[in-house]
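Here are the chains, one letter per residue:
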Amino acid sequence: MARGQQKVQSQQKNAKKAAEKKKSQGADQKTAAQATLVHICPVCWTQMPDPQTFKQHFESKHPNSPMPPELVDGPEPGCTMTTDQMLNDGT
């Protein structure tokens, strides 16, 4: 009977160790991966890691939808310079 009690205690101890190991390993990698996906497509809600990937996705998957303001290339809002002035500014 003593061996049966020892077996149960050993199983509980091992289960506790395995749960702690799994908890500490899995969550860190998953949260780190989720943290890098910062850009969300407003049409299909797909998450992307950087603006370049986001723009490529939007141009290929949603060509008929208007481009979100964060992806539009151009002068900053409130800028009064023309493109020619910006290009010739340093010369």
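In what follows, the accompanying structure is described. Everything numeric here is computed off the predicted structure, so don't read it as measured data.

About the cut-offs
- Residues numbered from 1 in each chain as written.
- Predicted model: local features only at pLDDT ≥ 70, side-chain atom pairs only at ≥ 80, totals over all residues.
- Heavy atoms only, no water.
- Helix = DSSP H or I, 4+ residues; strand = E, 2+ residues; numbered from the N terminus.
- Contact = heavy atoms within 4.5 Å.
- Areas by Shrake-Rupley, 256 points an atom, 1.4 Å probe, with all protein chains shown as cover.
- Buried < 20%, exposed > 50% of the residue type's maximum accessible area, 1.4 Å probe, protein only.
- Arc of directions from axis to C-beta.
- Polar contact = N/O pair within 3.5 Å; in protein donor to acceptor, adjacent residues only side chain to side chain.
- Phe/Tyr/Trp six-rings, centres within 6.5 Å; stacked < 30°, edge-to-face > 60°.
- Core = buried A, V, L, I, M, F, W, Y, C linked by side-chain atoms within 4.5 Å.

## Thoughts on the overall build of the protein chain
Item 1. For the protein chain, the count of helices and strands is three helices and two strands.
Item 2. Helices and strands in the protein chain line up, N terminus first, as α-β-β-α-α.
Item 3. For the protein chain, the share of sequence-separated contacts (at least 6 apart) that also reach a separation of at least 24 residues comes to 2%.
Item 4. Summing over all exposed atoms, the protein chain offers an accessible surface of approximately 8,000 Å²; the carbon and sulfur share of this is 55%.

## Points about helix 2 (residues 51-61)
Item 1. If you check which residues of helix 2 are buried, you get Phe54, His57 and Phe58. Buried residues of helix 2, viewed axially, fall in a sector of 95°; they line one side. Those residues of helix 2 that are exposed and aimed more than 90 degrees away from the buried face are Gln52 and Ser60.
Item 2. Among the structural elements, strand 1 (39-40) and strand 2 (47-48) are those in contact with the buried residues of helix 2.
Item 3. With a side-chain oxygen lying 3.2 Å from the backbone nitrogen of Gln52, the N-terminal cap of helix 2 falls on Asp50.

## Here we look at the packing of aromatic side chains
Item 1. Considering all chains together, one arrives at one aromatic pair under this definition.
Item 2. For the ring pair Phe54 and Phe58, a centre distance of 6.4 Å and an interplane angle of 90° mean the geometry is edge-to-face. In this pair, Phe54 and Phe58 both sit in helix 2, four residues apart, roughly one turn of the helix.

## Description of the nonpolar core
Item 1. By size, the foremost hydrophobic cluster in this structure holds five residues: Cys41, Met48, Phe54, Phe58 and Leu71.
Item 2. Discounting residues that sit within four places of it in the chain, Cys41 has contacts with Thr46, Met48, Phe54, His57, Phe58 and His62.

## Notes on unusual backbone geometry
With glycine set apart, most residues show a phi of negative sign, and most peptide bonds adopt trans.
Item 1. In this structure, Trp45 takes a positive phi of about 60° despite not being glycine.
Item 2. When you line up the elements, Trp45 lands in the loop between strand 1 and strand 2.

## Notes on the environment of Glu70
Item 1. Along the chain, Glu70 turns up in the loop between helix 2 and helix 3 (83-87).
Item 2. Taking the relative accessible area as the measure of exposure, Glu70 reaches 53% and is therefore exposed.
Item 3. Taking the C-alpha atoms as reference, Glu70 lies 9.8 Å from His39; in sequence the two are 31 residues apart.

## Quick notes on the side chain of His62
Item 1. As for its position among the elements, His62 is in the loop between helix 2 and helix 3.
Item 2. On the accessibility criterion, His62 (12% relative accessible area) is buried.
Item 3. If we skip the residues at most four places from it in the chain, His62 touches Cys41, Val43, Cys44 and His57.

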